[in-house]
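Chain residues, written in single-letter form:
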Amino acid sequence: MHRPVHRLISAFRLSHRPSRRLLHTIMSEPAPEGAAAPITKSAEKKLAKKKENEARLALKAAKAAKAAATAPAGEKKAKKEKGKEEEAPFVNTTPKGEKKDLSDPMASGYNPIAVEAAWYDWWDAQGYFSPQLTEDGQIKPEGVFVIPSPPPNVTGSLHIGHALTVAIQDCLVRWNRMLGKTTLFVPGFDHAGISTQSVVEKRLFKTGVTRHDLGREAFVEKVWEWKEDYQGRITNQLRRLGGSYDWDRVAFTMDERLSKAVVETFCRLHEDGVLYRANRLVNWCVKLNTTLSNLEVDQKQLEGRTLLNVPGYDIKEKFEFGAITSFAYPIEGSDEKIIVATTRPETMLGDTAIAVHPEDPRYKHLHGKFAKHPFVNRRIPIVTDDIVVDMAFGTGAVKITPAHDPNDYEVGIRHSLEFINILNDDGTFNENAGEKFKGMKRFHARVAVVQALKDLGLYVETKDNPMQIPVCNKSGDIIEPILKPQWWVNCKPLADEAVKRTRDGELHISPKASESEWYRWLEGIQDWCISRQLWWGHRCPAYFVSIEGADQDRNDGKHWVVGRTLEQATERAEKLANGAKFTLEQDEDVLDTWFSSGLWPMSIMGWPEQTPDLKMFYPSSILETGWDILFFWVARMVLLGVKLTGKMPFPEVLCHAMIRDAHGRKMSKSLGNVIDPIDVIQGLDLEALHAKLYEGNLDEREITKAKAGQKKDFPKGIPQCGTDALRFALCAYSGGGRDINLEILRVEGYRKFCNKIFNATKFAMLKLDEKFVPEPSAKATGNESLVEKWILHKLNLAADEINKQLAERNFMNATGAAYNFWLYELCDVYIEAMKPMTDESASETTRRSAQQTLYTCLDHGLRLLHPFMPYVTEELWQRLPRRPNDSTPSIMLSKFPTFDKTFEFTDAEREFDLVFSAIKSSRGLAASYNIQQNIHVYVRAHNDAEAALFESQVPTILALTKNCKSVEVVRDIAGVPSGCGSEVLTPTIFVHVLVRGQVDIESELVKCEKKLALAKMNLSKIVKIESQEDYESTVPPNVRLANEEKRKTLEADIQLLEHSSEMFTQMK
């Protein structure tokens, strides 16, 4: 069964029963002389009204034509412009926090800006976002539902990916609130150490100032100013998106309360031996001048020699990567040389060994000997190592740079080699690199080292080398492994416990692909470096105890103490100094942002204090976020939550997809495809889109590129769609995949859906006259007609399906069920079918029953949509009358519809589906013959029950078949006039539409013969299958039943086609 989709762009692949094969034939039996099709009262009224409208339109057109003929062209244009000016933009006059006045009539059309105005402030002022508790302050019996909103970074405004997060999470919150649960949706913001410091530094740099010019304290003040500005902007965006957050509990990762949780965690982990200090290799970003975790480093794949730009160098400079360079080291005391190879020639300045395999016969004579470094006064030992060396690879000799390579670092530990750091923090080489290279930038040194090797005759060759290079995913800089004394977290024991608990069922992760990645990452976890060389963030609560007169290594953690307060740190330092004089020096570094974010679900509830919120709302109910931060954030929350509280911070993790543009590209400011959700809500022309590019830190070259991208994707700008359409679209996209290719036109399609809901409700309200009072209960009264029972049954199915799909977190199917009910069942069928039931000729009982059913459908239908579309549903629901004794103030506090046994009308559904199939068949037949007026329909039913059913539904068939003049139910072929297009519904029900005089008989006869041949061929296939000897014993009963139904339908088709062909031939 196919739904018409011409009214609105449909975003769903609808799931219906298998479609029937339409058979259009020409019936050529002569009609009884003088026969006329009967016209019902409803049809007469419709025809009279139509003629009246046509006359009025004709008069209006004549007046317009006369005016146009006499008026100058300029006047006509002026009049048009004047009319346009009269459409004044909407102005919200509702005082902030007060309820919108809906006493005026509904607007002529749907305006999302007008509809969405004032509601959010009213919800917030009324306290509807706060958790609803029992009278004694406990969780409601229905249960509790808590979501800790992933805190957006205060680096800048939200993009469309954040809107997806809000749409999904708020949908779940509103749904659970309407199910009667105590709900809490906690908003908050992340200080985002590296990112925020970076954007503020860029902004300062444009004014010619660096953070070092300002000093730490003044710079941090500048960042706080930035934070306040952008937190305000983001708050406005979140409110516009309709997120029902409890703003009384808003949190920021550097608030005093949350900072206390960070200090407590650092100290407790150190006291438990999980957090330690060590001088180890870290990922160093020269551009950002800080260490990074492995998760903040991307591996860029190169297939061979590639020239790349590097941040911090002239844009015209490019350096070679994806190549391996071979060179020779002279052997001390001989003319022999040993050849090694490297992808980073500049690191040879830090080499402290050459490794060979102990069993390699080529080098056994060199065991224990030394090579001479050509540029620095350094003897390089030749060591044997069967772990790092593969005899079959290259020359079988490997240069070892322990201070600048992870594998070499391990070799250095095994062989007690010297660790020589040749790199300054700014990416220049230090004195350890030798006078020739000291002060050079690292990639200039790469070129210089190769040239120097050539000058000495030590260069051998450079070849292509497919490889990966580490790149900072924030700055794009090439990462350098260097030795740094840092604070580390031993993650292995924490990860083991997390894996065990996940396997035991304490944590459910969806989709399944993310769960597999979860285990793989945790089982291979490495220690986590939490130190960052920044000024913006939580400063490490660690202190070096400088003891007077003592020889101390600052890299050694035994000379450090940690403290929750300076007093506690001093007390611990006194014990360490054992009576000697000392000074305390706090670590200059700050902590990794994810260290504080990892405490989010419990710190926002007041941990480490045992607050009422912590006892009532921790653990959370679900953690919903993007799959791309599953390890950055989710894993850290689980590791720390289990360690510090003994509980999983949430029992469920839902990973949504990453939003890409319509072309499948990742959204990037430089591509111009980053979308501000407010621009989709309000609309924005292309010129204004271009102007927004200058608000960021893009350079002119990037802005030019971005403008071109915007012009290509949004040639007319972004259309105004409204919040409800945006939220609904984003939920409709969410079906469990990893990527969403967002098309703004699809969002605009859902704006039309909102318009459909608005206009349908507006029309329906006209059917609820001033005397109408809803029944105290939505239960069926017993007076319902067939179509009423059908729509109540469909409403019940939609409610059941939406609840089921939301429980399974399938937002695509949930929105699909709501969309189908409203568009294809309520609007397309019931609202049209009820028209004759509410006109003056209908009985009072019929009219009241139809009105009650309509009210129930609107009331429940709006509730079903509310989690996805909060604004338009509130606006329309507030216009509906309330049932007696129902004082519910807002739709968001109303009860969400669930399956209701009293709305289960399976027989009515089956019967009306059959009637509706006949309606669609009549529409299809008329359309196929291009009949747009005076449609005459004949339904031929073989048995009494079917005939009685269709007789009772003649008014409905008339109402739902546009421009239908008559409907007649007949019992045999003799009752069908000649010249009808026909279709087989079932072997016992046929639909005919009179088309005589409007078709080419010859061409239709050819079509009829082709269809007859095809039907006979298909029938022979079915008969052949059913004639097999072992058919009854080997073919399942359901398949045999389906084959039997196909055979009967084909036999009926053939009979009809043969009859039509015979009669048609007689007419030639």
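The rules we used
- Residues numbered from 1 in each chain as written.
- Predicted model: local features only at pLDDT ≥ 70, side-chain atom pairs only at ≥ 80, totals over all residues.
- Heavy atoms only, no water.
- Pairing = 2+ DSSP bridges.
- Helix = DSSP H or I, 4+ residues; strand = E, 2+ residues; numbered from the N terminus.
- Axes fitted to C-alpha atoms, helices over the stretch in contact; angles between N-to-C directions.
- Contact = heavy atoms within 4.5 Å.
- Parallel < 35°, antiparallel > 145°, perpendicular 65-115°, else oblique.
- Nonpolar A, V, L, I, M, F, W, Y, C, P; charged D, E, K, R; others polar.
- Buried < 20%, exposed > 50% of the residue type's maximum accessible area, 1.4 Å probe, protein only.
- 1 Å grid on protein atoms, 1.4 Å probe; cavity = no way out; pocket = protein on both sides within 12 Å on 5 of 7 lines; lining within 4 Å.
- Points joined across faces, edges and corners; volume = space filled by probe spheres on them.
- Phe/Tyr/Trp six-rings, centres within 6.5 Å; stacked < 30°, edge-to-face > 60°.
- Salt bridge = Lys/Arg side-chain N within 4 Å of Asp/Glu carboxyl O.
- Core = buried A, V, L, I, M, F, W, Y, C linked by side-chain atoms within 4.5 Å.
- pLDDT = per-residue confidence, 0-100.
- Expected span 1.5 Å × (residues − 1).
- Polar contact = N/O pair within 3.5 Å; in protein donor to acceptor, adjacent residues only side chain to side chain.
- Disulfide = S-S within 2.5 Å.

### Describing the sheet that holds strand E22 (residues 542-547)
To summarise the sheet geometry, strands pair through backbone hydrogen bonds and adopt either a parallel or an antiparallel arrangement. The three strands lie next to each other as E23-E22-E24, forming an open sheet whose pairing is antiparallel. Strand pairing shows two members of the sheet lacking a second neighbour, strand E23 (560-562) and strand E24 (582-586), which therefore form its edges. Put simply, the sheet's adjacent strands are angled 35 degrees from each other on average, direction ignored. Sheet strands touched by helix H14 (residues 566-577): E22, E23 and E24. Its angle to E24, the strand with the most contacts, is close to 135 degrees.

### Observations concerning the packing of helix H4 (residues 119-126) against helix H27 (residues 870-877)
Remark: H4 packs on H27, axes separated minimally by 10 Å, with the N-to-C direction vectors making an angle of 80 degrees. As the angle between them shows, H4 and H27 are arranged roughly perpendicular. Within the contact between the two elements, H4 uses Trp119, Tyr120, Trp122 and Trp123 and H27 uses Pro870, Tyr871, Glu874 and Glu875. Partitioned by chemical class, the residues of the contact of H4 with H27 number six nonpolar, no polar and two charged.

### Regarding the pairing of strand E27 (residues 652-656)
Most of E27 is tucked away: five of the five residues are buried. The alternating pattern of E27 places Glu652, Leu654 and His656 on one face and Val653 and Cys655 on the opposite face, and all of these are buried. Taken together, the three bridges between strand E19 (residues 508-510) and E27 define a ladder with parallel strand orientation. Residue pairing across strands places Ile509 opposite Val653, the latter belonging to E27. Bridge count between strand E26 (residues 623-626) and E27: four bridges; the pairing is parallel. For Glu624, the partnering residue across the bridge sits in E27 and is Leu654.

### Points about empty space enclosed by the protein
If you walk through the whole model with that rule in mind, you get five cavities of 30 Å³ or more. Approximately 80 Å³ is the volume attributed to the largest cavity. What lines the largest cavity is Glu775, Ser777, Ala778, Lys779, Ala780, Thr781, Glu784, Leu792, Gln852, Thr853, Thr856 and Arg883. Of all the elements, helix H26 (residues 844-865) adds the most residues to the lining of the largest cavity, at three residues. Its residues assigned to classes, the lining of the largest cavity shows three nonpolar, five polar and four charged. Volume-wise, the second largest cavity comes out at about 50 Å³. If you trace the second largest cavity, you find it lined by Glu346, Thr347, His404, Ile422, Leu423, Phe429, Arg442 and Glu480. Broken down by class, the residue content of the lining of the second largest cavity amounts to three nonpolar, two polar and three charged.

### Quick look at the sheet that holds strand E18 (residues 480-489)
The antiparallel open sheet is built from four strands, whose spatial order is E6-E5-E18-E20. Each end of this open sheet is capped by a strand with a single partner; those strands are strand E6 (290-292) and strand E20 (528-529). Where helix H10 (residues 406-415) meets the sheet, it contacts strand E5 (275-285) and E18, and its direction lies at approximately 140 degrees from that of E5.

### Topic: the packing of aromatic side chains
Centre distance and the angle of the planes are the two values used to describe a pair of aromatic rings. One pass over the full model with this rule turns up 36 aromatic pairs. A centroid spacing of 5.5 Å and a plane angle of 25 degrees characterise the contact between Trp123 and Tyr871, whose relative ring orientation is stacked. Taken together, the residues span a long stretch of sequence, with Trp123 in helix H4 and Tyr871 in helix H27 at a distance of 748 residues. Per residue, the accessibility class of Trp123 equals that of Tyr871, and both read buried. Where Phe266 meets Trp487, the ring centres are 5.5 Å apart and the plane angle is 75 degrees; that geometry is what we call edge-to-face. In this pair, Phe266 sits in helix H9 (residues 256-271) while Trp487 sits in strand E18, placing the two residues 221 residues apart along the sequence.

### Considering the pattern of salt bridges
If the charged atoms of two oppositely charged side chains come close together, the side chains can form a pair. Applying the stated criterion across every chain yields a total of 61 salt bridges. For Arg847, the salt bridge goes to Glu844, with nearest N and O atoms at 2.6 Å. Note that Arg847 and Glu844 are positioned in helix H26 at a spacing of three residues, about one turn of the helix. Relative accessible area serves as the criterion here: at 18%, Arg847 is assigned to the buried category. Accessibility expressed as a relative area gives 42% for Glu844, which makes it partly exposed. Arg971 is the partner of Asp944 in a salt bridge, and the nearest nitrogen-oxygen pair spans 2.8 Å. Of this pair, Asp944 sits in helix H29 (residues 944-952) while Arg971 sits in the loop between strand E31 (964-970) and strand E32 (980-986), and the two are 27 residues apart along the sequence. Overall, the relative accessible area of 39% leaves Arg971 in the partly exposed class. By sharing partners, the salt bridges in this structure join Glu264, Arg268, Glu271, Arg564 and Arg572 into a single network.

### Topic: the nonpolar core
One broad rule of soluble globular proteins: the nonpolar side chains tend to lie buried together. In terms of nonpolar packing, the biggest core is built from 155 residues, with Phe753 and Trp822 touching the most fellow members. No other element matches the 15 residues that helix H25 (residues 811-833) contributes to this core. The next biggest cluster of nonpolar side chains, apart from the first, holds 64 residues, and it includes Leu269, Leu295, Leu507 and Phe650.

### Topic: the confidence of the model for the protein chain
Detailed reading of the predicted coordinates is not advisable wherever pLDDT is low. Chain-level pLDDT for the protein chain is 88 on average; 90% of the residues reach the 70-or-more range. A low-confidence stretch, residues 1-52 stays under pLDDT 50, and its non-local contacts, those more than four residues away or across chains, total 123 contacts. Confidence drops under a pLDDT of 50 for residues 65-86, and excluding neighbours within four residues, the segment shows two contacts in the predicted structure.

### Concerning the environment of Trp633
Looking at the element boundaries, Trp633 is found in helix H18 (residues 630-645). C-alpha of Trp633 to C-alpha of Trp594: the two residues are 39 residues apart in sequence and 6.3 Å apart in space. Setting aside residues no more than four positions away along its own chain, Trp633 makes contact with Pro150, Pro151, Trp594, Ser597, Gly598, Trp600, Leu623 and Thr625.

### Considerations on the packing of helix H24 (residues 786-807) against H25
Their axes nearest at 8 Å, the elements H24 and H25 cross at an angle of 170 degrees. Between H24 and H25, the angle is such that the two are roughly antiparallel. Contacts between H24 and H25 involve Val787, Glu788, Trp790, Ile791, Lys794, Leu795, Ala798, Glu801, Ile802, Gln805 and Leu806 from the first element and Phe811, Asn813, Ala814, Ala817, Ala818, Phe821, Glu825, Leu826, Val829, Tyr830 and Ala833 from the second. In terms of residue class, the contact of H24 with H25 is made up of 16 nonpolar, two polar and four charged.

### Some details on helix H5 (residues 160-178)
In this model H5 runs 27 Å from its N-terminal to its C-terminal C-alpha over 19 residues, within 8% of the 27 Å that 1.5 Å per residue would give. Across the 19 residues that make up H5, a large majority, 18, are buried. A positive phi of about 95 degrees marks Gly180, the residue just after H5.

### Focus on the environment of Tyr245
Note on placement: Tyr245 falls in the loop between helix H8 (216-240) and strand E4 (251-252). Look at Tyr245 and you get buried, because its relative accessible area is 1%. Separated by 57 residues in sequence, Tyr245 and Gly188 have C-alpha atoms that sit 9.5 Å apart.

### Observations concerning the side chain of Asp477
Topologically, Asp477 is positioned in the loop between strand E17 (467-472) and E18. A polar contact of 3.4 Å, which involves the side chain of Asp477, links it to the backbone nitrogen of Val286. The residues touching Asp477, leaving out its near neighbours within four places in the chain, are Cys285, Val286, Lys287, Val310, Pro311, Arg442, Pro470, Val471 and Cys472.

### Quick word on the environment of Ala706
Residue placement: Ala706 occurs in helix H21 (residues 700-713). With 16 residues separating them along the chain, Ala706 and His690 place their C-alpha atoms 8.2 Å apart.

### A look at unusual backbone geometry
At the junction of Ser510 and Pro511, the peptide bond is cis and its omega measures out at 0 degrees in the coordinates. Here Pro511 is to be found in the loop between E19 and helix H13 (512-523). A cis amide bond links Tyr618 to the next residue, Pro619, at an omega of 0 degrees.

### As for the state of the cysteines
Applying the stated rule across the entire model yields zero disulfides. Looking at the unpaired Cys529, the closest cysteine sulfur is the one in Cys540, lying at 9.4 Å.

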